[in-house]
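# Descriptive analysis of the structure
Okay, here's what each chain looks like letter by letter:
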Amino acid sequence: MIGPLATGLIVFALLVALASLLTTALNKSMGTVLLVALGVLEIGLLVQAGFVVAALAGGEGPDDTATLIGYTAGTVVIPPVAAFWGVGERSRWGPAVIAVAGFAIPGMVGRMLQIWQGMG
């Protein structure tokens, strides 16, 4: 895993979550900005997943590879599902779904870092 990329993903996901909460509080439906932000977040997560898979294929990584792979797969799946759900829900609760995803990603990426560093 790349530590600075993981940190950037955590910060960006929190920003997406806060923007989604603001959109929910303003009683607006999900717009293009949140959809693009989820796309950017997904690209970053795919890059991180690529580095994890490459390192594991090269024999590097932690002992608990199954858990790491599970977290990696989970983080890659969450943004597209949240985007699909957010677009489908045309009320204020569409952005609320994005906020939940935005708060879930930092916890999962943080846990991936712990596993990678052998602390978990």
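To be clear, the structure that these remarks concern was listed above.
This write-up is about the structure you can find in this document.

## Concerning the overall build of the protein chain
Helix and strand content of the protein chain: 4 helices and 0 strands. For the protein chain, the sequential pattern of α-helices and β-strands runs α-α-α-α. For 120 residues, the compact-globule formula gives about 14 Å, and the C-alpha radius of gyration of the protein chain, at 15 Å, lands near that figure. Overall size of the protein chain, expressed as C-alpha extent along the three principal axes, is 50 × 20 × 20 Å.

## A short note on the packing of helix 1 (residues 3-25) against helix 2 (residues 32-57)
One can describe the packing of helix 1 onto helix 2 by two numbers: an axis separation of 10 Å at closest approach and a directional angle of 160°. In this view, helix 1 runs roughly antiparallel relative to helix 2, as classed from their interaxial angle. Relative to helix 2, the crossing made by helix 1 is left-handed. Contact residues: helix 1 offers L5, A6, L9, F12, A13, V16, A19, S20 and T23, while helix 2 offers L34, A37, L38, V40, L41, G44, L45, V47 and Q48. A breakdown of the residues in the contact of helix 1 with helix 2 according to their chemical character gives 14 nonpolar, 4 polar and no charged.

## Description of the nonpolar core
Soluble globular proteins tend to bury their nonpolar side chains together. Grouped together as the largest cluster of nonpolar side chains are 15 residues, with contacts concentrated most on M1, L41, L45, L68 and I105. In terms of residue count, helix 4 (residues 93-116) provides more of this core than any other element does, 6 residues in total. The contact partners of M1, leaving out residues within four places of it in the chain, are A6, Q48, V52, L68, V109, M112, L113 and W116.

Calculation criteria
Residues numbered from 1 in each chain as written. Predicted model: local features only at pLDDT ≥ 70, side-chain atom pairs only at ≥ 80, totals over all residues. Heavy atoms only, no water. Helix = DSSP H or I, 4+ residues; strand = E, 2+ residues; numbered from the N terminus. Rg over C-alpha atoms; globule rule 2.2 N^0.38 Å. Axes fitted to C-alpha atoms, helices over the stretch in contact; angles between N-to-C directions. Parallel < 35°, antiparallel > 145°, perpendicular 65-115°, else oblique. Left-handed = near helix turned anticlockwise from the far one by under 90°. Contact = heavy atoms within 4.5 Å. Nonpolar A, V, L, I, M, F, W, Y, C, P; charged D, E, K, R; others polar. Core = buried A, V, L, I, M, F, W, Y, C linked by side-chain atoms within 4.5 Å. Buried < 20%, exposed > 50% of the residue type's maximum accessible area, 1.4 Å probe, protein only.

In short, geometric facts, not functional conclusions.
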